Amino acid sequence: MTFTPFIAVHGGVGAPKVFSDGCESATARGMALLSDGQTALAAAIAAAVVLEDDGRFNAGSGSSLRIDGVTLETDAAVMDSTGKLGAVAALQGFKNPVLVAEAVTTTPHLMLVGEGAMEFASKRGFAPHPGPGPLAHQRHAEVMTAMREHDYSDIPDFWRTYDFKSDWNFERPYDDVFAMCDTIGAVAMDAQGRFAAAVSTGGSAPMLKGRVGDSPLPGCGYFAGSEGAVVATGIGEAIIMKMLSKTVYDWIAAGTPVQVACERGVALFPDEIPVGLIAVSREGTATHDNREMPTHQLSLAAR
Ligand code: GLY
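Just so it is clear, the structure is predicted and the values come from calculations on it, not from any experiment.

Reading the values: the criteria
- Residues numbered from 1 in each chain as written.
- Predicted model: local features only at pLDDT ≥ 70, side-chain atom pairs only at ≥ 80, totals over all residues.
- Heavy atoms only, no water.
- Near = heavy atom within 4 Å.
- Polar contact = N/O pair within 3.5 Å; in protein donor to acceptor, adjacent residues only side chain to side chain.
- Areas by Shrake-Rupley, 256 points an atom, 1.4 Å probe, with all protein chains shown as cover.
- Nonpolar A, V, L, I, M, F, W, Y, C, P; charged D, E, K, R; others polar.
- Axes fitted to C-alpha atoms, helices over the stretch in contact; angles between N-to-C directions.
- Helix = DSSP H or I, 4+ residues; strand = E, 2+ residues; numbered from the N terminus.
- Parallel < 35°, antiparallel > 145°, perpendicular 65-115°, else oblique.
- Contact = heavy atoms within 4.5 Å.
- Buried < 20%, exposed > 50% of the residue type's maximum accessible area, 1.4 Å probe, protein only.
- Arc of directions from axis to C-beta.
- Pairing = 2+ DSSP bridges.
- Phe/Tyr/Trp six-rings, centres within 6.5 Å; stacked < 30°, edge-to-face > 60°.

Draft legend 1. Region of interest: the site of the ligand. Around the ligand lies a shell formed by T183, T201, G203, S204, R211, G213, D214, S215, G234, I235 and G236. Separating an oxygen atom of the ligand from a side-chain N or O atom of R211 is a distance of 2.6 Å. Taken by itself the ligand offers 200 Å² of open surface, and the protein chains cover 100% of this. Here the shell around the ligand is composed, by residue class, of 1 nonpolar, 8 polar and 2 charged.

Okay, structure coming up:
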């Protein structure tokens, strides 16, 4: 039996919708592999690499800086319905963390972190990270400004209760400054009906060194099984507490339509928590979020 391949990607629930052209390029790359008979895993990873290399998204080359303005730490993971799973967390210094995560699937382990992950990636010869670009420095400066404005420790009570959001007068929207959790992700189904997920992030901001979010954790930032694949984006800590991707996957596996499952997943969170989901099942792909995140979906039949 053969299936019509599908792919969906997102550029992060904190990223502006106008970045959707990057998502279109990523789905096109993934779909080229699917139409060539390659696996869902290969397609999801190829799409994730396009977004990691884009430079605008908070993953790979575009990763956000940690609070010190110097450190870049990335998390990434891949998983498919044949039982492959690989993840890296707090990885410093590599251009395509999702490829290092893929390499972890060739070891007996599921996740490598920190220095061990870096030594592994060096040994396997992965390309070095080009270093933070102007966008990473700009985002960092904005976070610092925002944090300074919210440092109420030395100022009167009036400031503690002041609602900056309602009077925000900067060009860049308040939510854009505070919702820097622009994970990228891809889900795919290939012609054999196999499902895969790939996810990569520079983390959310502000964050401490060593902080790990949902993205490398199976069942939290991603899940793939025999009935579909799901990837989440948003504030990692909130996503982890709900085991969001596995929760949504279980609904899909129980027969909930894929779009309804994504909507129900996002509805688990209050509005102030930015969250987004993409998913694929044999019915097709779906995306849903509570901001306006850049996404793109493609079916081989629709090309
Ligand atoms: N969702 C990405 C992170 O919180 O690290």
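Let's pick the thread back up.
Draft legend 2. Fine view of the packing of helix α2 (residues 40-54) against helix α3 (residues 97-104). Contact geometry for α2 and α3: axes closest at 8 Å, N-to-C directions at 150°. Looking at the two axes, α2 sits roughly antiparallel to α3. Contacts between α2 and α3 pair I45, A48, V49 and E52 from the former with P97, V98, L99 and E102 from the latter. Partitioning the contact of α2 with α3 into residue classes produces 6 nonpolar, no polar and 2 charged.

Draft legend 3. Seen up close, unusual backbone geometry. The residue A90 is not glycine, and still its phi comes out positive at about 50°. Tracing the chain through its elements places A90 in strand β3 (residues 85-91). For A90, a relative accessible area of 10% puts it in the buried group. Phi angles above zero are rare outside glycine, and M243 is one such case at about 45°.

Draft legend 4. α3, seen in detail. Taken across its 8 residues, α3 has 6 buried, putting it largely inside the fold. Among the residues of α3, P97, V98, V100, A101, A103 and V104 are the ones counted as buried. The inward-facing, buried residues of α3 abut α2, β2 (74-80), β3, β4 (111-113), α4 (114-123) and β6 (195-201).

Draft legend 5. Region of the structure containing helix α11 (residues 258-266). Within α11 the residues assigned to the buried category are V258, A261, C262, G265 and V266. All buried residues of α11 fall inside an arc of 130° around its axis, so they share one side. Next to the buried residues of α11 lie α10 (244-253), β9 (275-281) and β10 (284-289).

Draft legend 6. Broad picture of the sheet that holds strand β1 (residues 6-10). The strand order across the open sheet formed by 7 strands is β4-β3-β2-β6-β5-β1-β11, and the pairing between neighbours is mixed. Each end of this open sheet is capped by a strand with a single partner; those strands are β4 and β11 (295-299). Each adjacent strand pair in this sheet contributes to an overall mean axis angle of 5°, direction not counted. Relative to β6, α2 is tilted by about 20°, and along the sheet it contacts β1, β2, β5 (184-189) and β6.

Draft legend 7. Geometry of the packing of aromatic side chains. Overall, the coordinates contain 2 aromatic pairs when judged by the stated rule. Ring centres 5.6 Å apart and planes at 85° place the aromatic pair F19 and F57 in the edge-to-face group. You can see F19 sitting in the loop between β1 and α1 (20-35) and its partner F57 sitting in the loop between α2 and β2, a full 38 residues away along the chain. Across the pair, exposure class does not vary: F19 and F57 are buried alike. Ring geometry for F223 and Y249: centres 4.9 Å apart, planes at 55°, overall tilted.

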